[in-house]
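Remarks on the overall topology
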Amino acid sequence: MLFLVAFVLHSIRYLGCSWPYTRFIRSNGMLLQVLEERGSPWMISFSIGMASRAAVGGPVTSLITPPDLHELRRVAVAEGALDPYNATLLQQMCGMGLEVLRYDPVLQQDALRLLLENRQVLEYPDDVYAVSSEAQDGTVVLFTDDAHESVYCVPGPIAPRGTQP
Amino acid sequence: MIGNLIVACLSLAVGWGALFPLRRSLGPGLYHLSALPVGTIGWSVVAALTTVAEVRPSPMWVAFGLTVYVVMAAAVARLFAGTVGSAPVSWRSFALVGAGFVSLSGLLAWAGLTLVGADSYSHYELSGWFLADTGRLSPIIMGSRNTLLPAMHMANRIFGADWLYVPYPLFSANTLAITAWVLWRHAFVSLPGRTRLAATAVVAGTLAIVPPWFYHTWLVHSNMASAMFTTLALTAVLAAAGVVDRRAQSASEKEVVGSRSAALGVVAGFALAGLALARPDGLAYVFQGLIVAAVCHLSGALSRRAIVAAYAALSAPLLVVYGAAFLRIGVWSGDKLQGSWAVALLGAILVFGVLTVLAGTIEPILEWLRRVGGMRLAIAVNVLAIVAVAATDRGQFLFALRNMVANLALMGTWGLTWWVVLLGVVLSLVVRVRDVEEPGRQLLLFAVFQFFAIALVLHASVHPGHISPSDSFNRVALHIVPTAFWYLASYAGSPGWSKGSFVQLSAEAAP
């Protein structure tokens, strides 16, 4: 009996004082809130996935991305960031095949201004933006600005260089 | 939030429907305790059907898939429903359990408390998202996380929610309730009324605050679900073998125990199917329950009908889910569970079942097994398997063993848990208590041993892990904690103590 009492007291003390686990999150039922509260080393992939869905209003049939996320955004992303794991995250989140192409994802200021003009833009964590359009074919192409600071998820029909940039 | 509530409540309702033909055989306690685990398997069947039909799941597909599962499971259950019931399951009990379950689910949904690991959002949630978008089981899902939890996350999205968290504490509560049931019915059955109640509450409460248990109660991961399936499977196997109600004395009591054996076999089979679908290594851990059942069968404690019932219930969901996966994605290449390994393990389960039934049928083999002792033989085979793995790659074996021991003893956030369990086990082996419960206790200890033997072979062969609370084996060890508590409680609560029939081995060995 003494053994049991000692064990119970130990567990209570351990849970109460040490708490070696991740902290509790009070969820409002939304994944984005959970991710923002907890933080994630793959946050940019989640943002791209969610922004791409928002850009086409649902699952994405094809997400066109350069092979390295550094080409899109230079800060806070691990080297070679579109590794198989990140690719898996994006693939699962968008419910489609991921198309990794070698292309220049940089949009110069004029092209970017033209793209964003009169369009609704939604912001996601890590400076990722969803550009919405009425013209949809389920395809999303990823672009960045010339400072490589922001990522733009652009529906295929309005992508500056088409869906095979 | 509403998606969380719908998924939780549908799981219970589906379990009620699936086990409905067995309600009289199981009695109200086990019937209601088995409903949530058995019901959750239905989500895997929904994902399997949308995979075969190649459709994006909708509420209609959820209704169709769950109905198919209920009909299939109830048909299996109907085949093995006993004619003699232990106690009727009244409609009042449905209302009480249902109201309690809905209230608890509502409270959990409102509280919103959740713990999140990287796997929670990058695997379970995203695999669910992928399923909700496409309805397709993928190599990533089959190879990394298996189907059960991603399918629940899928359903949550179909019903308009975004983050599934309510079922996890419900799994914990259900497992604690099963543990309390076995403590009450078996471990502390010989204690007087209030002491029995207090002992049951204290031990179940102690389990609830074991640090990793408390953590996994809220964590979105597979371990609490697996602990629930493991505990239910062993409870059902040992109840079917008459361990739980060993003290049935009268002819009518014995008839009830005998009659419910096959029904309990069905529950054990479904629980093992749930375990096989809850994790990529679930197919390997299924052997723990199967080997314990085989030992019981070969010792004459478990009928052939119960063994067949368990295999029928285990096979039905696995056939549907793995059949769908093999049909649409072939023999996949995966991160943790390769398609070829799944084929091998499914084949091994089938072969083991056939061998178990054959060994129990052929008289000379049965006689030899009884002479040698099924449990002793199983221990010897386990030891041989461990030695073979160690001989194959000694370095990796020692590395895996070091990680496992270091995590359980020091670094895995278990506190004193495994020290207490080890001390209790050693004490129980040194100071033995001779009573009617001893064979049951031996089976419980064997089940714990069998679990660790499988874990050691598995981790030393393919996944040596690392020293960290998040290590795979460190989390997997949670699955067996209720059984270890059950063993220690049945030792502490033995009627032999009051009769002075304990034996010190040293004294026993003396001339």
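Residues numbered from 1 in each chain as written. Chains lettered and ligands numbered in written order. Predicted model: local features only at pLDDT ≥ 70, side-chain atom pairs only at ≥ 80, totals over all residues. Heavy atoms only, no water.

**A look at the interface of chain B and chain A**
Chain B puts 44 residues into the contact, and the matching count from chain A is 42 residues. When chain B packs against chain A, the two sides together hide about 3,700 Å² of surface, and 70% of this comes from carbon and sulfur. Between the two partners, chain B and chain A, sit one salt bridge. A salt bridge links B:Asp133 to A:Arg53, with the shortest nitrogen-to-oxygen separation between them at 2.4 Å. For the interface between chain B and chain A, the tally reads 13 residue pairs in polar contact (both at pLDDT 80 or more). Those elements that provide at least two residues to the side of chain B that touches chain A are helix 4 (91–111), strand 1 (113–114), helix 5 (118–134), helix 6 (139–145), helix 9 (193–208), helix 10 (211–218) and helix 19 (417–430) of chain B. Here the element with the most residues in the side of chain B that touches chain A is helix 5 of chain B; it accounts for 11 residues. In terms of strand pairing, strand 1 (residues 25–26) of chain A meets strand 1 of chain B through two bridges, oriented antiparallel. (Contact = heavy atoms within 4.5 Å. Buried area = accessible area lost by both parts, 1.4 Å probe. Salt bridge = Lys/Arg side-chain N within 4 Å of Asp/Glu carboxyl O. Polar contact = N/O pair within 3.5 Å; in protein donor to acceptor, adjacent residues only side chain to side chain. Helix = DSSP H or I, 4+ residues; strand = E, 2+ residues; numbered from the N terminus. Pairing = 2+ DSSP bridges.)

**With respect to the side chain of A:Ser133**
All names here are of chain A. Here Ser133 shows up in the loop between strand 6 (128–131) and strand 7 (139–145). For Ser133, a relative accessible area of 15% corresponds to the buried category. Apart from residues lying up to four places away in sequence, Ser133 is in contact with Ala55, Arg119, Pro155 and Ile158. (Buried < 20%, exposed > 50% of the residue type's maximum accessible area, 1.4 Å probe, protein only.)

**Section: the nonpolar core**
Counting residues in hydrophobic clusters, the biggest one holds 221 residues, and the most contacted among them are A:Ile48, A:Leu63, B:Trp43, B:Tyr69 and B:Phe270. Sequence-distant contacts of B:Phe270, defined by excluding residues within four places in its chain, comprise B:Leu19, B:Val38, B:Ile41, B:Tyr69, B:Ala73, B:Val76, B:Ala313, B:Leu314 and B:Pro317. (Core = buried A, V, L, I, M, F, W, Y, C linked by side-chain atoms within 4.5 Å.)

**A few points about the environment of B:Ile307**
Residue and element names in this part refer to chain B. One can find Ile307 in helix 14 (residues 304–329). Between the C-alpha atoms of Ile307 and Gly353, which are 46 residues apart in sequence, the distance is 8.0 Å. In contact with Ile307, not counting residues within four places along its chain, are Ala293, Ala294, His297, Leu302, Thr356 and Val357.

**Quick look at the packing of aromatic side chains**
This structure, assessed with the given rule, holds 29 aromatic pairs over all chains. Taken together, a centroid distance of 5.5 Å and an interplanar angle of 20 degrees make the contact between A:Tyr129 and A:Tyr152 stacked. Note that A:Tyr129 is positioned in strand 6 and A:Tyr152 in strand 8 (residues 151–155), a separation of 23 residues in sequence. As far as the burial class goes, A:Tyr129 and A:Tyr152 line up, both buried. Seen from their ring centres, B:Tyr322 and B:Trp332 are 6.4 Å apart, and the 25 degrees between their planes marks the pair as stacked. Of the two residues, B:Tyr322 is situated in helix 14 and B:Trp332 in the loop between helix 14 and helix 15 (339–361); the sequence distance between them amounts to 10 residues. (Phe/Tyr/Trp six-rings, centres within 6.5 Å; stacked < 30°, edge-to-face > 60°.)

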